[in-house]
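# Working through the structure, step by step
Given next are the chains, with one letter for each unit.
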Amino acid sequence: MERILHFPEYCVRLAKLRYRISPLLSGYILITLIVLAALIEAYVSYGVLKAETDRELTTFSDMVARNLQRSVQEADVILRHVTVAFEDEQWLGYSGRGLQSDDFKALSESSPEVAEIFLLGADSKLIRQADKRDGRKPIGEASAESDFFRVHRDAQDVGLFVSDSFLDWASGEVSFVVSRRLNHADGRFAGIVGARFTASKIEGLVASLLSGKPFAALVCKTNGRLLARHPFSEQAMSLDLSADPGLARALAKPRPVLGEDGQLIGGMQGEVVELVSPVDHAVRLVSFSWIGSLPVLVGVSTRQEDFTERWIGRLQWIGITSLLAIVVVLVLLRTIHLQLNKIQREKRRLETITDAVRDPWLILDEDGTIIRANPAARRELCLPEASAHWSNALNSEKSVLDRLPALDGAPEKQQCRRYDGSVFPAEASAARLQWQGRAMIMLQLHNVEERERYQASLMRQAYCDEVTGLPNRALLAERMARGLAAAKRYGYFCGLLFIDLDHFKRVNDSLGHAGGDALLRKVGERIKEIARHSDTAARFGGDEFVIFLDRISGRSEAVKCAQRVLDAFEQPVLVDDRHLVVSATVGVALFPADGDTPEQLLKNADAAMYEAKARGRKRIGFYGRETGLRIERHLELDMALRGALERREIWVAYQPIVDAHSGEVVKAEALLRWTHPSLGAVRPDEFIAIAEENGSILDLGIWVLQEACNLSREFKARSGRSLKVSVNVSAAQFKDSDLPRIVDRALRRAGITPEELELEMTESVLVSHAEAVNERIDGVKQLGISLALDDFGTGYSSLSYLTRFPFDTLKIDRAFVSRLPDHLPSLELTKAIVAMAKSLNLKVVAEGVEDELQADTLRSMGCEHLQGYLFGRPVDRDTFLDSCCATTG
Ligand SMILES: Nc1nc2c(ncn2[C@@H]2O[C@H](COP(=O)(O)OP(=O)(O)OP(=O)(O)O)[C@@H](O)[C@H]2O)c(=O)[nH]1
């Protein structure tokens, strides 16, 4: 069971091993195997060749022995035939024909190896001879003591005898004789019959049998005498091998006994032995065979050297073949080596390129385990140095991604996890690939953190207001365009609130620019809270904010929202530990009624706001036709006002102020008038507001002051008495100019006394820039100029102003006077004002007195001075002088 469980692991190891054995090592193993195979082949071939040689030697020695046996047997047949013939016919005493010489000749020729057949008598004399070479001396005469004669003479039962070899003196040939004994009828020795064999013939026979084989053969007797040798050698023939150890070993073996069919039935068949040849002294491999039952052996041998040469010949083939195989393997190895080097180089090049890629990439197996990571990935993901510690990239505790992006799909944005636990946004893409022969996944990551931060900062810069963090004009325009397009398509309403803070300049002036910014931030927060999620609250610029109301039910919803804006400022705003009371004016425009493009809506909501400002601020204004017209006129007047003074379009009108009881002109109010060539007479409140806005009020103020002073001088000159001229001074003059110096200069230029000049101001001057105003008023008062508070009863009508500032005169607004005496509240209020002025020691001027009833009422209240159409309309300088001086005069 355990083995089965471990099997897959084993397979994996095997597979890994496959990759570990390099082709080079395989090559070296192959070469070693080739060499081993060559050695084994050499060893085996030695054995095979040896066995082959042994078999050949045995076969040939056996064959030679059989052939020689056959030759001897053939010769023996002749010998037996002669013996029988001799014993039957009693050769010497026979009267018949008997065996003739020709018969011998015929007998000897029947056996090719037999040189001659001869017959010797008991005295060793030649009786008959059949020599194939006629005319030669017979052997018998020279061989009386030859062993073949002696052995038969001395013993009766020798049988067939093979003699030692000898040099036949008659033929000159080395020969041996095979002989048999001839007996008389009584058994006495009668001679011998012999067949002579020549060593050369035997050698010829052996040579023909061995035909071309590199073998040597010898025929020797058991007594060690050689009978023949192949190749023939005369010296060898004289050798005595009786003491030769090789022959001794052959003789020591039991002689083989063969059956009739030639099969071995006893003894031992010839065996190949190694011995030193007594002939050529070379080491030889020899196989000995017996020639029948004769005491003669045939030895067929080959030189050990020849055998070794043959073996070496075979070895050469093995060597050459092996060498060729090794060369082929080496060439293959070299090719593989070069290819591997090339692949390695290519791999390194690819790795260098892939490693140089700045984006991280990972190779994952199909389970998500990280197999490889480029340096960028190691750095970015804080991977441990050792790859063994890399875990699964997709579903482990330290997974890089929550899920694998679509394979071969477009990059997907995901949060990537580093090994240290931190995360970063990345575009991840996955692709299939083959890696080391296995299907893998390549995961590429592109960190977009920096890019997103940069984009966000660009977006902020492009679309957010720096001070408040609200959308800026550009983003507002985009959202409006989108919202209006949808509204057009689906037919619903949109609204635009244009919000402008009231008197924001004052905040800047008192708290500085930074304080102003802080207030803008707070205001921005409140405005944002008011807007719904679908709306866009933006800062338009300066102290202007806009809320684009996307998809509303109608004008009433826009009004409600605008009201919420006003309400939001009910609570003071905390800036730098100071509670500021802030208000705003809101202009409202509606889509599609008041415009159907962002530009139109903005323009018209701005106009509505502007109009509301003009009406007194902290209110809601609505865009309509009238508003548009008013704005157009405003702009037209603003343009026309520039240079109007130089063009003498502006002039001063003077209205008399009389003593309530005597009716005497005691004062004159200087009033600015503008008569435009085409626009005609422009209302003072209209153009003075514009002059205050565009700053030309300062020049106008200086000019009118001088004109008024001049008039006073003129009046005095013409009437002989002084006239106090009253000049209106605007908030801008108090704030921006060096008023006491200007006044002083005007007095001196005109040559009048300070008592002949009075400056009028409205409460609004006091409200704004109280500090500066205080300072200027003190300066003016020090000159001895009297001050009048204009339009009292309207606006703030704060009594505290009357005590705080050194006013001399209080002017009751025409709004009260015109309703006298019938309108009781106005009557009571006027009474109260007059009473209060008296108690504060202030003179009272009632403005807008138009009939006697009003005059009487005011007189009865104790009002000192009266002003109005009843006593004189505002007229130009000359008319005023003419009429007033005449009256007085
Ligand atoms: N602190 C601060 N002030 C700004 C910024 N942008 C513009 N302003 C000032 O905001 C003031 C806007 O003035 P206006 O709206 O014309 O005048 P106002 O004093 O609010 O008076 P009304 O609008 O007529 O009630 C100017 O004094 C500008 O200098 C800003 O980013 N920060």
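The structure displayed is predicted, hence computed values, not measured ones.

Definitions and cut-offs
Residues numbered from 1 in each chain as written. Predicted model: local features only at pLDDT ≥ 70, side-chain atom pairs only at ≥ 80, totals over all residues. Heavy atoms only, no water. UniProt positions renumbered as here; feature names shortened; annotations may be inferred. Helix = DSSP H or I, 4+ residues; strand = E, 2+ residues; numbered from the N terminus. Pairing = 2+ DSSP bridges. Axes fitted to C-alpha atoms, helices over the stretch in contact; angles between N-to-C directions. Contact = heavy atoms within 4.5 Å. Core = buried A, V, L, I, M, F, W, Y, C linked by side-chain atoms within 4.5 Å. Buried < 20%, exposed > 50% of the residue type's maximum accessible area, 1.4 Å probe, protein only. Near = heavy atom within 4 Å. Polar contact = N/O pair within 3.5 Å; in protein donor to acceptor, adjacent residues only side chain to side chain. Areas by Shrake-Rupley, 256 points an atom, 1.4 Å probe, with all protein chains shown as cover. Nonpolar A, V, L, I, M, F, W, Y, C, P; charged D, E, K, R; others polar. Patch = residues over 30% accessible without salt bridge, like charges linked within 9 Å, V, L, I, M, F, W, Y side chains within 5 Å. Salt bridge = Lys/Arg side-chain N within 4 Å of Asp/Glu carboxyl O. Expected span 1.5 Å × (residues − 1). Left-handed = near helix turned anticlockwise from the far one by under 90°.

In this section: the UniProt feature "transmembrane region" (unreviewed entry) in the chain. UniProt's entry tags residues 21-40 and 317-340 with the feature "transmembrane region" (unreviewed entry), counted in the numbering of this structure. Spanning residues 317-340, this segment combines 100% helix with 0% strand, and its end C-alpha atoms are found 33 Å apart.

A few words on the sheet that holds strand S7 (residues 216-221). One open sheet accounts for five strands, arranged S8-S7-S13-S12-S11; its pairing is antiparallel. At either end of the open sheet lies a strand with only one pairing partner, and these are strand S8 (226-230) and strand S11 (272-276). The sheet shows a mean angle of 25° between the axes of neighbouring strands, direction not considered. Two elements, S11 and strand S12 (residues 283-290), share five bridges in a ladder whose sense is antiparallel. Bridge assignment links valine 273 to a residue of S12, and that residue is valine 286. Where helix H5 (residues 199-210) meets the sheet, it contacts S7, S8 and strand S13 (296-303), and its direction lies at approximately 40° from that of S8. Running at roughly 35° to S12, helix H7 (residues 245-252) makes contact with S7, S11, S12 and S13 of the sheet.

In this section: the nonpolar core. With 78 residues, the main nonpolar core has Leu757 and Leu759 as its most contacted residues. The element contributing the most residues to this core is helix H17 (residues 697-719), with eight residues. Those residues in contact with leucine 757 that sit more than four places away from it in its chain are Leu705, Cys709, Lys724, Val725, Val727, Val743, Leu747, Ile785 and Ser786. Counting 59 residues, the second largest nonpolar core, distinct from the first, contains Leu79, Leu210, Ala217 and Phe307.

What follows deals with the site of the ligand. Inspection of the region around the ligand gives 16 residues, with Asn508, Asp517, Asp543, Lys613 and Arg617 positioned closest. Between an oxygen atom of the ligand and a main-chain N or O atom of histidine 503, the distance comes to 2.8 Å. A distance of 2.7 Å separates a nitrogen atom of the ligand from a polar atom in the side chain of asparagine 508. Relative to its unbound accessible area of 660 Å², the ligand is 71% covered by the protein chains. Taken together, the elements giving at least two residues each to the shell around the ligand come down to strand S19 (493-501) and helix H12 (504-530). It is H12 that contributes the most residues to the shell around the ligand, seven residues altogether. Residues of the shell around the ligand, tallied by class, amount to three nonpolar, five polar and eight charged.

Next up on the list: a nonpolar patch on the surface. Together, Leu25, Tyr28, Ile29, Leu30, Leu33, Val35, Leu36, Leu39, Ile40, Tyr43, Val44 and Val48 line one region of the surface with nonpolar side chains, adding up to about 1100 Å² of accessible area. In this fold, leucine 39 is placed in helix H2 (residues 23-89).

With that out of the way, let us pick up helix H24 (residues 824-839). Across its 16 residues, H24 extends 22 Å between first and last C-alpha, which sits within 8% of the 22 Å expected from 1.5 Å per residue. Buried within H24 are the following residues: Ser826, Leu827, Thr830, Ile833, Val834, Met836 and Ala837. Check the buried side of H24 and you find it contacts strand S31 (786-792), helix H22 (799-804), strand S32 (809-812), helix H23 (814-817), strand S33 (843-846) and helix H25 (852-861). One or two positions beyond H24, positive phi appears at asparagine 841, with a value near 65°.

As a further point, take the pairing of strand S29 (residues 724-728). Pairing of strand S27 (residues 665-676) with S29, which is carried by four bridges, proceeds in the parallel orientation. Bridge pairing in S29 places lysine 667 opposite lysine 724. Summarising the sheet, S29 and strand S30 (residues 757-761) pair through four bridges and their orientation is parallel. When the sheet's bridge partners are listed, valine 725 is paired in S30 with leucine 757.

Before going further, it helps to examine the pairing of strand S1 (residues 114-121). With respect to burial, S1 is a largely interior element, eight of its eight residues being buried. Bridge analysis of S1 against strand S6 (residues 189-198) gives seven bridges, and the strand direction is antiparallel. What sits directly across from valine 114, in S6, is phenylalanine 197.

Turning to the packing of H17 against helix H19 (residues 739-750), a few remarks are in order. Geometrically, a packed helix pair is captured by the angle between its two axes and the distance between the axes. Two numbers describe how H17 lies on H19: the axes approach to 9 Å, and their chain directions differ by 35°. Once H17 is placed against H19, the crossing between them reads as right-handed. Only Ile742, Val743, Arg745, Ala746, Leu747, Arg749 and Ala750 of H19 make contact with H17, whose side of the interface consists of Ile702, Leu705, Gln706, Cys709, Asn710 and Arg713. Split by residue class, the contact of H17 with H19 holds eight nonpolar, two polar and three charged.

Take the pattern of salt bridges next. Counted according to the given criterion, the structure contains 51 salt bridges. Aspartate 62 is the partner of arginine 66 in a salt bridge, and the nearest nitrogen-oxygen pair spans 3.2 Å. Taken together, the positions of arginine 66 and aspartate 62, both in helix H2 and four residues apart, correspond to about one turn of that helix. Using a relative accessible area of 39% as the deciding quantity, one classes arginine 66 as partly exposed. Salt-bridge contacts for arginine 417 lead to aspartate 402; the nearest nitrogen and oxygen are separated by 2.7 Å. Of this pair, arginine 417 sits in strand S16 (residues 412-417) while aspartate 402 sits in the loop between helix H9 (375-381) and S16; the two residues are 15 residues apart in sequence, bridging distant segments of the chain. Overall, aspartate 402 belongs to the exposed group, its relative accessible area being 55%. Through salt bridges with shared partners, a single network forms among Glu52, Glu56, Lys213, Arg310 and Arg314.

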